[in-house]
Amino acid sequence: MAAVRQAILQRRDPPGRPPQDGYGIYTFPNSFFRYEGEWKGGKTHGRGKLLFKDGSYYEGEFVDGEISGEGCRLWAATGNTYSGHFVLGEPQGHGIMKYGAGGYYEGAMFHGMREGLGCLVDQDGNVYRGSFHSNKQHGQGHVAFRNGDTYDGDWVRGQRQGHGVLRCADGSTYEGQWHSDVFSGLGSMAHCSGVVYRGMWINGHPVARAARIVILGPEMTCVAAGSSFPVCVQLQQEDGAVAESEDGRVLRVSAGVRYVQLPAHSDVCFFHVDQDRREAPIQTPFGFECIAYPLSSASLGSPEPRAAPESTRDLGAALTSDALHGRGDTPGDLPAGGRSACCPEDCRRVERGRAEFLDIRLGPPPPGYHPIPFLDCLSKKASSRPGGDLGPRTGAPTVRDPPGGSRPDGAAGAGPRTEAFPGDYVIMVQDVTAPPFLGHTLPTAFQHLRVSVKGPGQQPPVPGEDPKAQN
């Protein structure tokens, strides 16, 4: 029936003129457009399909010669398709735009652009729901990123700007001001490691972040053998101010004993260490190297030696929430988003840029660490002391420990030592926050510790130096 009607219309209409009423097919004079559908008064009106020479088309409703109403449009150049409402040839109202490059938009349109409320899924799978203006995210909106991060807050021309909350898949949370899609202005971050920073941000970086660890007190501290001592630490900014904006960074205390290697005896050091316990020496800023030595106290527990800071940058991996769970203490006021993981016994979490290790003392030499006596004259002095103390001596070594554990100078019958030998030691405080806060680990801090024999007025000998010169 439609074919008969079309034939009648084509017979009635003069050649070269569009159909007047009913159904008809017409190619426009510029040959770029071809229409097939309903006509009224010589104009496209009703349902029809307009084809373009480049392969694009529109199929849907027409009103008085214009594309208006519900329809579907394909753009051949981009592969985009739109299904929804049209006004005067442009997508306007509610519709769905599917992009040839991937992704789609469903929501309000105005003059062919995203305008008003809608949902945009981009080609990477990120999903935005909220307000649009001039085709871009603008106003309030929520985005769920493909990597698991989410953002709720203000947008300006397609970028996060104003106030917003970013919740990362790793558990970190930032709440505060944004500018040009980065943290900028006042804001607070609760990092997944437990670190919390509250303060000013510029271009995504915290202004008052810690730059170094500082052990308070003199560069060299003298203590009596067996005595306990505190280690007080500050996190400082580049300008030397205390980084009070930071909480929760994990610091670990460890110790080392001076490593002395003499040319005539290349394998001689302050302690002779068994091969299976030997580690690479640790370089210190005091002009000498040290090897790991145990700390012992009621709070630090096990007196086993710790690995060198330079050789254990990956120790932070052991301080994840699982490894830290249920051990030690942690600040209880961390905001949601940061892990409230507890610290191992030799670690402390920073509060307002400060941390303290109390009641620290050097333990006895661990198994495998054998002290080496120096100089006969000092050995004779040692034999005159109660118990035949075999602390480190200055000068070249003369005798090594005989097999079977017997020692010269009447030390063979001495019981197990319960304190460190006099000499030079190093206290180290290392940033073991895991994962590192904003990908940055603070450099290790060192303090020179000189241990002397008990008693007033006695100074500790220094391995490798002449005792007469010290006196």
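Located above this text is the structure these notes cover.
Only a predicted model underlies this, so the values are computations on that prediction, with no experimental measurement involved.

Reading the values: rules and limits
- Residues numbered from 1 in each chain as written.
- Predicted model: local features only at pLDDT ≥ 70, side-chain atom pairs only at ≥ 80, totals over all residues.
- Heavy atoms only, no water.
- Helix = DSSP H or I, 4+ residues; strand = E, 2+ residues; numbered from the N terminus.
- Buried < 20%, exposed > 50% of the residue type's maximum accessible area, 1.4 Å probe, protein only.
- Contact = heavy atoms within 4.5 Å.
- Areas by Shrake-Rupley, 256 points an atom, 1.4 Å probe, with all protein chains shown as cover.
- Pairing = 2+ DSSP bridges.
- Axes fitted to C-alpha atoms, helices over the stretch in contact; angles between N-to-C directions.
- Salt bridge = Lys/Arg side-chain N within 4 Å of Asp/Glu carboxyl O.
- Phe/Tyr/Trp six-rings, centres within 6.5 Å; stacked < 30°, edge-to-face > 60°.
- Polar contact = N/O pair within 3.5 Å; in protein donor to acceptor, adjacent residues only side chain to side chain.
- Core = buried A, V, L, I, M, F, W, Y, C linked by side-chain atoms within 4.5 Å.
- 1 Å grid on protein atoms, 1.4 Å probe; cavity = no way out; pocket = protein on both sides within 12 Å on 5 of 7 lines; lining within 4 Å.
- Points joined across faces, edges and corners; volume = space filled by probe spheres on them.
- Nonpolar A, V, L, I, M, F, W, Y, C, P; charged D, E, K, R; others polar.
- Patch = residues over 30% accessible without salt bridge, like charges linked within 9 Å, V, L, I, M, F, W, Y side chains within 5 Å.

Q: Any chance you could break down the overall build of the chain for me, citing the residues and the numbers?
A: In terms of helices and strands, the chain carries 4 helices and 30 strands. Across the 471 residues that make up the chain, the buried fraction comes to 43%. Within the chain, residue pairs in contact and separated by at least 24 positions form 43% of the contacts whose partners lie at least 6 positions apart. Carbon and sulfur atoms provide 53% of the accessible area of the chain, an area that totals close to 23,000 Å².

Q: Give me unusual backbone geometry: which residues, what numbers.
A: The step from Ala434 to Pro435 runs through a cis peptide bond, and the omega angle for that step is -10°. Among the structural elements, Pro435 can be located in the loop between strand S29 (423–431) and strand S30 (445–452). Even without glycine at this site, Arg157 takes up a positive phi of about 50°. Phi at Asp359 is positive, roughly 55°, even though this residue is not glycine. If you trace the backbone, Asp359 turns up in strand S27 (residues 354–360).

Q: Residue-level account of the sheet that holds strand S18 (residues 212–215), with values.
A: Sheet architecture is open: 3 strands sit in the order S18-S20-S27, paired in antiparallel fashion. A single partner strand is all that each edge strand has here, and the edge strands are S18 and S27. Within the sheet, the average angular offset between the axes of one strand and its neighbour, ignoring direction, is 20°. In the sheet, S18 pairs with strand S20 (residues 229–236) via 4 bridges, with the strands oriented antiparallel.

Q: If you had to explain the environment of Asn135 to someone new, which residues and values would you point to?
A: By secondary structure assignment, the location of Asn135 is in the loop between strand S10 (127–133) and strand S11 (136–144). In the structure, Asn135 is positioned 20 residues away from Glu115 in sequence and 6.2 Å away in space, judged by C-alpha atoms. Ignoring anything within four residues of it in the chain, the contact list for Asn135 reads Met113 and Arg114.

Q: Go over the pattern of salt bridges, please, and point to the residues and values.
A: Two side chains that carry opposite charge are able to pair once their charged atoms sit near each other. Under the defined criterion, the tally for this structure stands at 12 salt bridges. When the shortest N-O distance is used, the salt bridge between Arg212 and Glu238 registers 4.0 Å. One end of the pair, Arg212, is in strand S18; the other, Glu238, is in the loop between S20 and strand S21 (246–247), with 26 residues separating them in the sequence. The exposure class assigned to Arg212 is partly exposed, which follows from its relative accessible area of 28%. Owing to a relative accessible area of 66%, Glu238 belongs among the exposed residues under this scheme.

Q: So what's going on with the pairing of strand S8 (residues 104–110)? Residues and values would help.
A: Alignment of strand S7 (residues 90–98) against S8, held across 6 bridges, turns out to be antiparallel. Within S8, the position partnered with Ile96 by the bridge is Glu106. Counted between consecutive antiparallel strands, the loop separating S7 from S8 contains 5 residues, among which Gly102 sits at a positive phi close to 120°. Bridge count between S8 and strand S9 (residues 113–121): 6 bridges; the pairing is antiparallel. Looking at the pairing, Tyr104 lines up with Val121 of S9. Remark: 2 residues form the turn of the hairpin made by S8 and S9, two consecutive strands paired antiparallel; His111 in that turn has positive phi of roughly 50°.

Q: Any details on the packing of aromatic side chains? Residues and values, ideally.
A: In total, this model carries 24 aromatic pairs according to the counting rule given. The interplanar angle of 80° and the centroid separation of 5.2 Å between the aromatic rings of Tyr58 and Phe62 together place this pair among those described as edge-to-face. The exposure class of Tyr58 is buried, given its relative accessible area of 0%. Taken together, a centroid distance of 6.1 Å and an interplanar angle of 35° make the contact between Phe286 and Phe288 tilted.

Q: How would you explain the side chain of Arg249 if you had to name every residue and give the values?
A: Here Arg249 shows up in the loop between S21 and strand S22 (250–259). Owing to a relative accessible area of 0%, Arg249 belongs among the buried residues under this scheme. A polar atom in the side chain of Arg249 sits 2.9 Å from the side chain of Asp431. In contact with Arg249, not counting residues within four places along its chain, are Val195, Ala210, Leu235, Arg348, Arg349, Val350, Asp431, Thr433, Phe437, His440 and Leu442.

Q: Which residues make up the nonpolar core, and what values go with them?
A: Val231, Leu251, Leu362, Tyr425 and Val429 are the most contacted members of the largest nonpolar core, which totals 35 residues. For this core, the elements supplying multiple residues, two or more each, are S18, S20, S22, strand S23 (271–273), strand S25 (289–293), S27, S29 and S30. Grouped together as the second largest cluster of nonpolar side chains are 29 residues, Tyr105, Met109, Met189 and Tyr197 included.

Q: Give a description of empty space enclosed by the protein that names residues and reports values.
A: For the structure shown, the criterion picks out 2 cavities of 30 Å³ or more. Size it by volume and the second largest cavity reaches roughly 40 Å³. Its residues assigned to classes, the lining of the second largest cavity comprises 7 nonpolar, 2 polar and no charged.

Q: Explain the environment of Leu442 to me, and be specific about the residues and the numbers.
A: Mapped onto the secondary structure, Leu442 falls in the loop between S29 and S30. When its relative accessible area of 1% is taken as the criterion, Leu442 is described as buried.

Q: Tell me about the environment of Ser180, and name the residues and values.
A: Here Ser180 shows up in the loop between strand S14 (173–179) and strand S15 (182–190). As a C-alpha pair, Ser180 and Arg160 span 20 residues in sequence and 6.3 Å in three-dimensional space. Non-local contacts of Ser180, meaning those with residues more than four positions away in its chain, are made with Gln159, Arg160 and Gln161.

Q: Which residues make up a nonpolar patch on the surface, and what values go with them?
A: On the surface, Leu186, Met200, Ile202 and Val207 cluster together into a nonpolar patch covering about 380 Å² of accessible area. Note on placement: Leu186 falls in strand S15. Residue classification places Leu186 among the exposed residues on the basis of a relative accessible area of 58%.

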